[in-house]
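Below are the chains, spelled out letter by letter.
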Amino acid sequence: MANQKRLHFLSFLLVSLWVWGEPLMAKEVIPIGVVLNLNSPVGRVAESYMSMARSDFYAVNDNYRTRLALFTEDSGDDVIAAASAALDLMKNKEVQAIIGPARSSQARFVIELGRKAQVPIISFSATSPSLSPSQNPFFIRTTHDDSAQVKAIADIVKAFGWREVVPIYEDTDYGNGLIPYLMDALQEIDTRVPYRSVIPPSSSNTEIIEELNKLKANHTRIFIVHMTASLGSKLFVLANNAEMMKEGYAWILTEGLSSLLDPMGSKVMDSMQGVLGIRPYIPPSKNLEDFKRKLKRNLTTSSKRISFSLFGLWAYDTVWALAMAVEKAGVVHSSFLKQNASNSNVDLAALGISEMGSRLRNTILTTKFQGLSGNFSLVKGELEPSDFELFNVIGNTERIIGYWTRQKGFSQDLNDTRKEAYSTSKDKLKQPIWPGYTIEQPTKLRIGVPVRRGFEEFLKVEWHSNTNKPSISGFSIDVFLAVKDALHFPLPYEFIPYMNTDRQSNGTYDELLYQITIQKYDAVVGDTTIVANRSLYVDFTLPYSESGVSMVVLVKDDESKNFWIFLKPLSLNLWLSTGAAFIITGLVIWVLEHRVNNEFRGPPKQQLGLILWFSFSTLAFAHRERVVNNWSRFVLIIWIFVVLILTQSYTANLTSMLTVQRLQPSFVDVKEIKKNGYFVGYQNASFVKGLLIKQLGFDESKLKSYNTPEEYHEALLNGIHNGGVAAIFDEIPYIKLFLAKYCTRYTMVGPTYKTDGFGFALRKGSPLVPYISRAILNVTQDKEKIGAIEHKYFSSQTTCEDQSTTISSHSPSLGVDSFRGLFLIAGIASMVSLLVTVFKFFYSHWPALSHNNTANCFWSKLVEMAKCFDQKDLSSHTFKTKESSVHAVTSPDILELSPSINDMQNHSRNSFEGTDDVVIHDGNISLSSRHGGTYTLSSSPSIQT
C-alpha cells in the first residue's frame, strides 16, 4: 500500500514537472556580449538600464521562445582592453551580438572584429561621424552621430550674432570627429574660428589651466565644448577658477556632455552656471513616466546612485530592439563556424564566423517600435535624427529655453502645428541667463567713444543727473546706429566714454585707438580719421564720410571797396598786351591807307595822332575815318572782333567784382606762413599735429592747439601780431562747421591734403570689418537715410559752404593766356596784309628807282623809296573815281591861266575853299578838296564838273 502510494506520488510529480516545466525547457538562451567601461558614468548607467530593459521586456513578452543572456566585460578606458574583451566574448562565449563599447576610439577596433566574425556590433554611445555604418556593415548605431547637431549649434551662434567662436574639444576620435562638420556649418553662416583648443584626455590640471589662459588672452569669448563628462567636468571647474564663467563669456555644450549633466556633482554644476546646452528631445510618454517612477524606487532601495540619462535610455531601447530581432530572426542553436582550432583567447586566426550574424543584423535594421527615447527607427544603420531641445544651466537644474527642428528652426512649442518659415531668431527662444547671472548678452561690443570739447555735431557726451549714465549722440553715433540696423545679424554693443576721473578726455585719438590693442575696447566709434599709421594696430571699416586737411584763414576787405578796382578785371600783362595791340593795329592801318586815302595824310603830328586815335576809337566803334584799302578792311574786321571779345570779357568780370562779394584770403600759401615764422593752429588731440610737423615741415614750437570753433575764431581774429595764428589747419568737415558759423570773416584756402575720411575702428583681424563696411555702403548710398542724418546735425552748414569753396589762391583777373588765340589771329592778319602791301609797293617802284639812280647806294634808294611812299598813289581807284570833271579851257573867254604854276596854285587855294592839293599832271591841274571833292582843270576846250 505504501509502495503504491509512493508510486502515485512519483507519477504525480513527474506529470507536474512535465506540465510546468515544458515552457522552461523550450526557452532558447541567446548569449549577448556587453563591453563597457564600468567606471565611467555612461558605463554604470548603461549597465543598470540594460538590466532593467531585459527584465521589463520579458515581463511584457513572456511568451517569446528566446531569452537574452547579457555577458558584461569591463573594458576600462583602454582601447586594447575593449578589443580583448570583445574577442574573448566572440571566441569563448560565442555571443551573437555585442553591445558597446561606449567610446568611439574603442568601437573602431571592435567593429573590425565584428566584421571578421560577422557579429553585429551595436553601440548606443559611439557617436563620432568617423564611424560610418555604411562603411562597416556589421556596425549598428542605436543613436545618431554627432554631425546631426551641428546645424542646430550653428543656428544658435547665428541667432546671437556671434562672429567668432572657439571650439574646445578632446583629442580623441570622439572629439576630432565632429570638428570638420562643425567648421563647415560655421563657415556657412560666416562665423570665424580664430583658434581651436584641443585638450588630450590625459591632461593634468596644470596643462588645462595653461590652455585656459591662452583662451583668456584671446579676444574671443564664445566657446563650444565637445568632450566627455570626465574631462568636461574638470574643464569647467578650472574655468570657473580662472574667472572665465563670469559676465561677457558664453559656453555651449554639445550633445555628449549635455546628456550627462545629472550624474555630475554639485561643485561641477556650480561651475557651469549660465551655460547653454543642446541635446536630443525625448518626447513624453506613459512608458517613460512609468520608467522614471520605477527608477526612483530603485534609487531608494539600491546602494548605487543611478540617475536619469539619455545614454541610459538609448541603452534600454537597444536591448529591446535586440530582443525583438533575436526572436524575429529565429536565432536558435546558433554557433560559430571555427576556422582554426586554438586555445588562445586572443588568436584572431582562430576566430570563427557566426552562422546567424547576417540574419540578425538584417533583422535589427528593420526593427521599429516606440521606445523610451522616442521612435526607434534605423536609417542607413543608425538612429534617425530627432529634434533638439535647448537648455540653460541655472542652479542644479536645466531650464528649457526652446526647441530646434529641421523643418522650423527655433520654436518654444513643438506641438505648434502652424506652418511657419524656418527661423533662427533668438526671439523664438526664452531669455537665457548668461554666466555672471545676467541677461546681458555676452560678447557685447565694447565701443570706446572719444570725449571732446567743441564740434559736438559729430560727437557729444552728456551725463544724466538722475542715473549718472552717459548719453552719447552726434552724427557719428547716428551713422553707427544706422549701420547696425543694416546688418543681417544682431550686434549688441555698449558705448564707453574714453575719459578720466574728471570726465574729460583721457588722451589723444591715437591713444584711444591703442586701447583696442590692449583689449580695453573692442571697437572705437566716432569722428576717427583713417590714417596709415593707425592701421598698423587696428582695422578700419570703409569711410562713412569724405575728408581731407586744409587751412582756414582770415579774409581781407571786399575788393569792391578798392579805389582801382576798374583795373582788376584784366591782369597787368593783359593790359600791356592790349595796349601794344592797339598801337600796332593803328600803325598797320595807317601804312595800308596812307598812299590811297587822303584822311590818313597830313602833317606828321596829325598822322601820329590819327594812328592812336583810330585804333583806340574802335573800342567804342567811334572811328569816323573811312578805309578804302581792302587789306585795311580785312585787318579792321579781325581787330574789331578782338575788341568785341575783350570789352565783353572786361565788362563781365568787372560786373562780377562789383556785384558779388569776393573774399580775399590773408594768406594763400603755406610756404609763406612757414617762411615768416607765423604761428598756426590745429585741433587738440588730432592727428593733424603730426601732419604739420612731418609732412608740412612746421616747427612744433609754432603750433597751437584749440578745441572749439570759438577758440578758432578768437585765434584767427587776433592774428599774427596779437598772440593769434595765421591759419588753422583741420579736417574739412570741421572747417565747414566753423565756416558755417563765421562765414563772413574766414575762408578755406590752399591745397587739400587727402585723407581717407572718418571710419570705425575694430581690432586687427576682426570678422566684423567686412560686414560693417558693407552696411556702411548701404547706408551712405541711401540718399534719403544719410541725408536725414546730415540734415539733423548740419542743416545750417549749407549757408556759406558754397562761398567758402569758391575761394582760390589765384587772382581773379583775366590773363593773356585767355586771349592768346585772339591776339595770334589778329597779328597774323595784320602781318599778312602789311607784307602784301609792302611787297606790291617795292615791286612797282624799286626797278624804276634803280634804273634812274644807278649810282646811289642802297640806303639812298631806301630813302627815296620812303619819299615815294609818302606821295599819293594816283593810280589808286580812290583818286580816279573822285577826280573832278573840270578841264582846262583853251579859250581865254572861259578861263585865263596864270602865267606861272605858283600863281596858279595860289589862285586855286584862294578860289577853292577847302582845297588841299594842286597837282599838275600831263597838262591837267587837279585840285583835291578836304571834303572829298576833286576838280580838274584841263586844256581841253570843254569843262567837266
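These numbers were taken from a predicted model, which means no experiment stands behind them.

What counts, and at which threshold
- Residues numbered from 1 in each chain as written.
- Predicted model: local features only at pLDDT ≥ 70, side-chain atom pairs only at ≥ 80, totals over all residues.
- Heavy atoms only, no water.
- Salt bridge = Lys/Arg side-chain N within 4 Å of Asp/Glu carboxyl O.
- Patch = residues over 30% accessible without salt bridge, like charges linked within 9 Å, V, L, I, M, F, W, Y side chains within 5 Å.
- Areas by Shrake-Rupley, 256 points an atom, 1.4 Å probe, with all protein chains shown as cover.
- Helix = DSSP H or I, 4+ residues; strand = E, 2+ residues; numbered from the N terminus.
- Buried < 20%, exposed > 50% of the residue type's maximum accessible area, 1.4 Å probe, protein only.
- Pairing = 2+ DSSP bridges.
- Axes fitted to C-alpha atoms, helices over the stretch in contact; angles between N-to-C directions.
- Core = buried A, V, L, I, M, F, W, Y, C linked by side-chain atoms within 4.5 Å.
- Contact = heavy atoms within 4.5 Å.
- pLDDT = per-residue confidence, 0-100.
- Expected span 1.5 Å × (residues − 1).

**Student:** What is the right way to look at the pattern of salt bridges in this model?
**Tutor:** Two side chains that carry opposite charge are able to pair once their charged atoms sit near each other. All chains considered together, the criterion is met by 29 salt bridges. Linked through salt bridges whose partners overlap, the residues forming this network are Asp77, Arg103 and Glu170.

**Student:** Help me understand a nonpolar patch on the surface in this model?
**Tutor:** Together, Phe563, Trp564, Phe566, Leu567 and Trp575 make up a nonpolar patch on the protein surface, roughly 560 Å² of accessible area in all. Take Leu567: it is sitting in the loop between strand S26 (549-554) and helix H16 (572-593). Note on Leu567: relative accessible area 36%, which makes it partly exposed.

**Student:** Would you take a moment to explain the sheet that holds strand S27 (residues 680-683) for this structure?
**Tutor:** In sheet architecture, strand pairing relies on hydrogen bonds along the backbone and comes in two forms, parallel and antiparallel. Taken together, 5 strands build an open sheet; the order of strands is S28-S27-S29-S26-S30 and the sheet is mixed. Each edge of the open sheet carries a strand with a single partner, namely strand S28 (703-706) and strand S30 (746-753). This sheet shows a mean twist of 30° between the axes of neighbouring strands, independent of strand direction.

**Student:** How should I be thinking about the nonpolar core in this particular structure?
**Tutor:** Within soluble globular proteins, side chains that are nonpolar generally end up buried alongside one another. Counting 78 residues, the largest nonpolar core has Leu68, Phe236, Met244, Trp251 and Leu322 as the members making the most contacts within it. Considering every element that reaches this core, the biggest residue donor is helix H12 (residues 310-329), with 14 residues. Look past the residues within four positions of Leu68 in its chain and what remains in contact with it is Ile30, Ile32, Arg54, Tyr58, Val319, Leu322, Ala323 and Val326. Membership of the second largest hydrophobic core comes to 50 residues, among which are Tyr742, Leu768, Val769 and Ile776.

**Student:** So what exactly am I meant to see when it comes to the pairing of strand S2 (residues 66-74) here?
**Tutor:** In summary, the side chains of a regular strand alternate between the two faces of the sheet. Two elements, strand S1 (residues 28-36) and S2, share 9 bridges in a ladder whose sense is parallel. The residue of S2 that forms the bridge with Ile30 is Leu68.

**Student:** Explanation requested: the confidence of the model for the chain in the structure shown.
**Tutor:** Should the pLDDT be low somewhere, the predicted coordinates at that spot are not to be read in detail. Of the residues in the chain, 80% have a pLDDT of 70 or more, and the chain-wide mean is 81. Per-residue pLDDT stays below 50 along residues 884-945; that stretch engages in 95 contacts with residues further than four places along the chain or on separate chains.

**Student:** So what exactly am I meant to see when it comes to the sheet that holds strand S23 (residues 493-498) here?
**Tutor:** Within the open sheet, the 5 strands sit side by side as S23-S20-S24-S31-S25. Their pairing is mixed. At either end of the open sheet lies a strand with only one pairing partner, and these are S23 and strand S25 (539-540). Where strand S24 (residues 523-524) meets strand S31 (residues 761-762), 2 bridges bridge the pair, whose relative direction is antiparallel. What sits directly across from Val524, in S31, is Ala761. Helix-sheet contacts for helix H14 (residues 475-486) involve strand S20 (445-450) and S23, and the interaxial angle to S23 is about 160°.

**Student:** Explanation requested: helix H8 (residues 229-241) in the structure shown.
**Tutor:** Structural remark: α-helix, 3.6 residues per turn; residues separated by three or four positions point the same way. With 13 residues, H8 should reach 18 Å at 1.5 Å per residue; the first-to-last C-alpha distance of 18 Å fits that figure. Residues Ala229, Leu231, Gly232, Ser233, Leu235, Phe236, Val237, Leu238 and Ala239 constitute the buried set of H8. After H8 finishes, the residue Glu243 shows a positive phi value of roughly 60°.

**Student:** Would you take a moment to explain the pairing of strand S29 (residues 727-731) for this structure?
**Tutor:** In terms of residue burial, S29 counts as a mostly covered element, since 5 of its 5 residues are buried. Looking at chain direction, S26 and S29 are connected through 4 bridges and run antiparallel. Considered in S29, the bridge of Val552 is made with Ile728. In the sheet, S27 pairs with S29 via 3 bridges, with the strands oriented parallel. The residue bridging Gly681 from the neighbouring strand is Ile728, located in S29.

**Student:** In this structure, what is going on with the environment of Ser386? I would like to understand it.
**Tutor:** Within the secondary structure layout, Ser386 lies in the loop between strand S16 (382-383) and strand S17 (388-394). Sequence separation between Ser386 and Arg279 is 107 residues; the distance between their C-alpha atoms is 9.7 Å.

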